[in-house]
Every structure is written in structure tokens, then in C-alpha cells.
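A structural walkthrough
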Amino acid sequence: MNIEKLFAKRNAGVEWSGIRIMFAMADKIEGVTNLGIGQPDFDTPVHIRDAAKKGLDQGYTRYPPAAGFQDLREAVARKVEAENKLQADPDSEIFISVGAMQGIFNVMLHLVNPGDEVIVVDPGYDYYSQIRLFGGVPVRVAVKEENRFKLDPKDVKKAVTLKTKAIILNTPSNPTGAVFDRESLEQIAAICKEHEIMVISDEPYEHILFDGNEHVSIGSLDGMKDLTVSIYTLSKSYAMTGWRVGYVVADKAIIDEMEKLMEHMVSGVTAVAQRAALAAITESQDCVKQMVERYAKRRELMYNGLNSIKGISCVKPESTFYAFPNISSFGMSSWDFAKYMVKEHKLALLPGSIFGENGEGFARLSFATSSRNIETALEKLEKGIAGI
């Protein structure tokens, strides 16, 4: 029997993650230096792990509230007010999600109808499958290397049609490391207010900034509170990728729908993980500062190393822990380049094209790894390029 004929047609719009495809390829090769993975190499800080252990002893092993524990939502409200300049009622405007991705998925389900257009940045994180799953149409707005991958509000305005429902903004940006400045966000906000376009603001790298760059949450700008769904995660800032805890700040009507759906999806975020999240948000932030300082040193190593290799050029990332070098001079597609490097030289990196059509000719390399691994990777990269 052909089981696939029973599948829902909407699944056809969902593609396998290019990141997972590369991981699977790299896992089969012994001795691979993996710069493809987008997660901190640090252990979750001790005080956060201790909070989880204490939570187990206190009996946090049962079903949690669908929207998250009250004390965690109150802590989130204090955090976003202090750091993101967002005013949010913990009882009705904050939702604890299974990482940022489940928050985005949940929001998409409530906002996107078949035929709705959703503006996405290209190259940018892969939101395409989630948009298509609910019948939406991704509309790409290109960001260019010559503009340091900044989003031009004029291009956003050109992309708006009568069918535009939302725009997804990811700043600080994966994979480019670009930070969208306040002036640009204010112009984008004006466009959204004029056309009543929702903003889904994905902000997982809010703390990983370099060279004095400022992170601005677009929801904090005048008139944007009701039009913005702000989504955060503890994964990157606190090295908690496996804990799967994020949070969403939005209008009460959206949070109500998210809470309702949560009961049918996963009941709620793992109780003990929420206790760890509470400690992460409310206790000392020195661990975040220390990790960012380490990333800054690795960034210099990666940036200088890439630009010293003949044929490669790389814009210096302003944020995140990714470099996005231009590899177009080698005459290979980014997929072919990535496959060649992993199979022939045991170096795993990500092809830029998985981040959008305008990512072709680039590759993403993570410097969320040791300096030694970065040095080894650069040596393999240089050797591999010499053989092309």
C-alpha cells in the first residue's frame, strides 16, 4: 500500500531542513570538524542546572499550566520591560513556548490563511515550510552583501500587496550576523502600521552582540505593541538548546489562542525546564557576558582567517555566532561546495542557499566552537580550496 497517498496535501509544502541534511551527512564521516551546528558549545551554567535539580526534588514533575508557570511569566514580564522596553501583562500577554520555533509555529497557525503573503528576509532563517504548511505564500526581500546584509525599508515597501498578512524579522540575524538599526526598524514599523501588517519578531540572538551594536525590539516602537508578536528563547543566550524553553509576548487575543492550542499540542513546556528557565532569567547574568566575550574572540579568529584565504571574502558579523563568507569565486553551487568540503576534507559547513535564493554563493560557518576547532576548520578549508 502507498501510505503517502493518505497524507494531507499541506505536507507537500514542508521540506526537509537543509541543516539536518548536512548534519546527517557529517555524522557518517569520522573525524569531521563541524562548523554547521548552530548551538553554543558551552555547558548550561551550573546555577541553571542546579535549579532544575531542585525543581525535581520539589516535585515539578507534573503537568504545567498551558501558558507557563505564573512566576516564570512574571519574571519574563520584568525582563522584557527592562531589556526590550516592552510592557506586557504576565497574566494575559506572555506565553511560555517549547523554544522559539514552537512559538513561531503556534503564531503562524493563528495568523496565516491560505493565500496570505508573509514577507521574509533572504538570506535569512528558514521559515518557508511553516508559512507554506498553513497555505501562506513566502515573499522574499533580498538583503545584499554590499549593504552588510541590512534590510532596506524601501524594499519592504515594494513587497507589500493587498495580500500581505505579516513580515518575519530576525534581528540579530541568522545566518548573516547583521543587526537592523533603530532607524530602519522605525521605517518598517511605519509601513506595517499603514497597512496593518503583523510583525513576527524572532529575537533568539538578542544578547550576542559585538562592537557596541544595539538590539532593538520592534514591538517597543510607538504604535507597534498590538501589531507585534515578539518571540524569544533561552537556547542561545544561556546555552540551553536542549531544554526547549522560549517565550512569546503578544496581544491578549493572540496569547489566548496560543494557550488554547497548547493544550492540544503538548499540554505545556516541561515543568522542570521551566524552573531552570526561571533561574536563567532572574539570577546573575555574568554567564551570558562571559560567553559573549568568548564568542567575540572566536569571531576575530574566524573573520581574519576567512579573509586570509584566497578567493574568500567575509563581512564581519555584528552579532550571533555565525560567519557568512562569499564563496562564489570557486564556481560551485553552495551545496556542491558544502558536500565537497565534508566528503573530501572532513569539514562540515552549511550551504548559503538553504537560507534563501540570495544565499547562493555563500556558506555559513559557526564559531560557537573552540578556537582550536576554528583553526583546524580554517586549515581544512584552505586545503580544500587549493584542490578545487
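Residues numbered from 1 in each chain as written. Predicted model: local features only at pLDDT ≥ 70, side-chain atom pairs only at ≥ 80, totals over all residues. Heavy atoms only, no water.

Tallied over the full model, the rule gives 15 aromatic pairs. Judged by centre distance (5.2 Å) and plane angle (25 degrees), the rings of Tyr232 and Tyr247 are stacked. Taken together, the positions of Tyr232 in strand β7 (residues 228–233) and Tyr247 in strand β8 (residues 246–249) put the pair 15 residues apart, joining distant regions of the chain. Residue class for Tyr232 comes out buried when judged on its relative accessible area of 0%. (Phe/Tyr/Trp six-rings, centres within 6.5 Å; stacked < 30°, edge-to-face > 60°. Helix = DSSP H or I, 4+ residues; strand = E, 2+ residues; numbered from the N terminus. Buried < 20%, exposed > 50% of the residue type's maximum accessible area, 1.4 Å probe, protein only.)

This part takes up helix α9 (residues 271–282). Spanning 12 residues, α9 covers 17 Å between terminal C-alpha atoms, matching the ideal 16 Å at 1.5 Å per step. Across the 12 residues of α9, 11 count as buried, placing the element largely inside the fold. Within α9 the residues assigned to the buried category are Ala271, Val272, Ala273, Gln274, Arg275, Ala276, Ala277, Leu278, Ala279, Ala280 and Ile281. For α9, the secondary structure elements touched by its buried residues are α2 (46–57), α3 (70–83), β2 (94–97) and β8. (Expected span 1.5 Å × (residues − 1). Contact = heavy atoms within 4.5 Å.)

The next point concerns the sheet that holds strand β11 (residues 350–351). The strand order across the open sheet built from three strands is β9-β12-β11, with neighbouring strands paired in antiparallel fashion. Each having just a single partner strand, β9 (322–323) and β11 make up the two edges of the open sheet. Alignment of β11 against strand β12 (residues 363–366), held across two bridges, turns out to be antiparallel. Looking across to β12, one finds that Leu350 is bridged to Arg364. (Pairing = 2+ DSSP bridges.)

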